[in-house]
Amino acid sequence: MPYATTPDGVRIAYQIRGEGSGTPLVLLAGQANNHHWWDGVRDDFHAARSTLTLDYRGTGESDKPDTPYSTELFAQDVIAVLDDLGADRADVYGTSMGGRVAQQLAARHPHRVRALVLGCTSPGGPHGVERGNDVRRSLVQQQPGAARQALLELMYTPAWLATHAGPYRTLGDPGMPAHAQRRHLAASNQHDAWALLPGVGAPTLVVHGSDDLLNPAANAPLLANRIPGAGLHMIPGARHAYFEEFRTVASPLVLDFLTSVPGR
């Protein structure tokens, strides 16, 4: 597995898949998850694009320093990976916390992002719409398995869960040390890109499930209205992991958008 080394000396593991031509597609996972977040859908893009994933610092095969993390720092780690590959720019598709990282990437490194897709994410800060207290309480239940079940039900619809027994790749990296989990949570919670978003110049598509309570769907129009020229697509009935459960809608939607952007 290849590694890139960041300016602060952290090794970031990354993975390249597919033989598609054109600009590579960077896929950014959610909070406290490694590249396996994308296992269920990344093949959907390979007819047209090669895909690039990474293990965030603190996850997977990457280093796990017990130092402050931030979405801006995660974006700098993506730049280190692109530099290691010799890729001048990429298309970027980030979901959940990965969408927060993608906002930082597109705003702070505009020459490296050709096109941007923001999925089930939020601008953060005082302008972001936070999940309800009932959702928060459901995720910290003490009964064995209760919090995991609550997270599953926030990710997927009952119909999906009834017919898909797993394994589920979106529930967190089981190998993360506790300090890295805390650092990821802090990075996501402290994200605030509101002031940066009007400066995003890359063509942007915002995608969100209409029934997402984990990252409330009201964040989608906030992002689309804040980023100049951004498009918005709500997927009816979808929850947080829309990209997996509703892949037959979401993946073609993203590919059509990327194809529509001039200059592959």
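Here's a quick rundown of the structure. This one's a predicted model, so the numbers in the text were calculated from it and none came from an experiment.

A word on the side chain of Thr 6. The topology assignment puts Thr 6 in the loop between β1 (3-5) and β2 (11-17). Reaching out from Thr 6, the side chain makes a polar contact with the side chain of Asp 8 at a distance of 2.3 Å. Thr 6 has contacts with Ile 12, Arg 57, Asp 77 and Ala 80, leaving out every residue within four places of it along the chain.

This next bit is on the pattern of salt bridges. Across all of its chains, the model carries 11 salt bridges by this definition. In this structure, the salt-bridge partner of Asp 8 is Arg 57, at a minimum N-O distance of 3.0 Å. With Asp 8 in the loop between β1 and β2 and Arg 57 in the loop between β4 (51-54) and α1 (71-85), this residue pair connects regions lying 49 residues apart in the sequence. Under the relative-accessibility criterion, Asp 8 is labelled partly exposed at 47%. With a closest N to O distance of 3.6 Å, Arg 108 and Glu 72 form a salt bridge. Remark: Glu 72 occurs in helix α1 and Arg 108 occurs in helix α2 (residues 97-108); sequence separation between them is 36 residues.

The next point concerns α1. Between the first and last C-alpha of α1 there are 21 Å, a value that for 15 residues agrees with the 21 Å anticipated at 1.5 Å per step. Thr 71, Leu 73, Phe 74, Ala 75, Asp 77, Val 78, Ile 79, Ala 80, Val 81 and Leu 82 are the residues of α1 that are buried. Gly 86 lies just past α1 and shows a positive phi near 75°.

The rules behind the values
Residues numbered from 1 in each chain as written. Predicted model: local features only at pLDDT ≥ 70, side-chain atom pairs only at ≥ 80, totals over all residues. Heavy atoms only, no water. Helix = DSSP H or I, 4+ residues; strand = E, 2+ residues; numbered from the N terminus. Polar contact = N/O pair within 3.5 Å; in protein donor to acceptor, adjacent residues only side chain to side chain. Contact = heavy atoms within 4.5 Å. Salt bridge = Lys/Arg side-chain N within 4 Å of Asp/Glu carboxyl O. Buried < 20%, exposed > 50% of the residue type's maximum accessible area, 1.4 Å probe, protein only. Expected span 1.5 Å × (residues − 1).

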